[in-house]
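What follows is the residue order along each chain.
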Amino acid sequence: QVQLVESGGGLVQAGGSLRLFCAASGVAFRINRMGWYRQAPGKQRELVAAITRDGSAVYADSVKGRFTIARDNAKITVNLQMNTLKSEDTAIYYCNADVQPIGTGSYVAWGQGTQVTVSS
């Protein structure tokens, strides 16, 4: 089973920046699409950004121009650079990956989540 471990969350003032990291570990697998989701209190989990193995990225409209997603296929990591943070970016951020194990069916893996709090 692949494990995703996130780091980099914290408290920042509005207008500031944070970078989130996510590393995948496990045995005999390939990861296709990787992404970041977030869930604010009382709201549904939503896609923030995702990136394919060849580097094609998509972003939620609310973060376009402020957030940048990047991945390292060799190290099996994905990070999210968040600039010009706003109070509405406050949420728990989850790393997500489409995992293709060798010899079995694919599945979606999730990290444990990291809290991002933006103070106004």
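Throughout this description, residue numbers start from 1 for each chain and increase along the sequence as written. With the structure being a predicted model, the display of local features is reserved for residues of pLDDT at least 70 and the display and counting of side-chain atom pairs for 80 or more, all residues being used for whole-chain, interface and lining totals. The side-chain figures draw on all heavy atoms in the structure; neither hydrogens nor water molecules are used.

**Focus on the packing of aromatic side chains**
Then comes step 1: In this scheme Phe, Tyr and Trp rings, the latter by its six-membered ring, pair at centre separations within 6.5 Å, and the angle between planes marks the pair as stacked below 30 degrees, edge-to-face above 60, and tilted otherwise. What the rule picks out here adds up to two aromatic pairs.
Then comes step 2: Judged by centre distance (5.0 Å) and plane angle (65°), the rings of Tyr37 and Trp110 are edge-to-face. Linking Tyr37 in strand E4 (residues 29-39) with Trp110 in strand E10 (residues 107-110), this pair joins segments that are 73 residues apart in sequence.
Then comes step 3: Relative accessibility decides the category of a residue: with a 1.4 Å probe and only protein chains considered, values under 20% of the type maximum give buried, values over 50% give exposed, and everything between is partly exposed. Exposure remark for Trp110: the relative accessible area of 36% places this residue in the partly exposed category.
Then comes step 4: Each ring, one from Tyr94 and one from Trp110, has its centre 6.5 Å from the other, and the planes form 85°; the classification is edge-to-face. With Tyr94 in strand E9 (residues 91-101) and Trp110 in strand E10, this residue pair connects regions lying 16 residues apart in the sequence.
Then comes step 5: With a relative accessible area of 12%, Tyr94 lands in the buried category.
Then comes step 6: An aromatic cluster is present here, built from Tyr37, Tyr94 and Trp110 joined pairwise through their rings.
Then comes step 7: Residue placement shows Arg45 over the ring face of Tyr94; its charged tip is 3.7 Å from the ring centre.
Then comes step 8: To sit over a ring, a charge needs its Lys NZ or Arg CZ within 6 Å of the ring centre and within 35 degrees of the ring normal. The positively charged end of Arg45 is found above the aromatic ring belonging to Trp110, 4.6 Å away from the centroid. By the criteria applied, helices consist of DSSP H or I runs no shorter than four residues and strands consist of E runs no shorter than two, each listed in order from the N terminus.

**A look at the state of the cysteines**
Then comes step 1: Cysteine sulfur atoms that come within 2.5 Å of each other are treated as a disulfide pair. The tally for this structure, following the rule as stated, stands at one disulfide.
Then comes step 2: Each sulfur of the disulfide joining Cys22 and Cys95 lies 2.0 Å from the other. Taking the torsion about the S-S bond as the criterion, the Cys22 to Cys95 disulfide, at about -85°, is left-handed. Of this pair, Cys22 sits in strand E3 (residues 18-25) while Cys95 sits in strand E9, and the two are 73 residues apart along the sequence. Here Cys22 and Cys95 have matching classes, each one buried.

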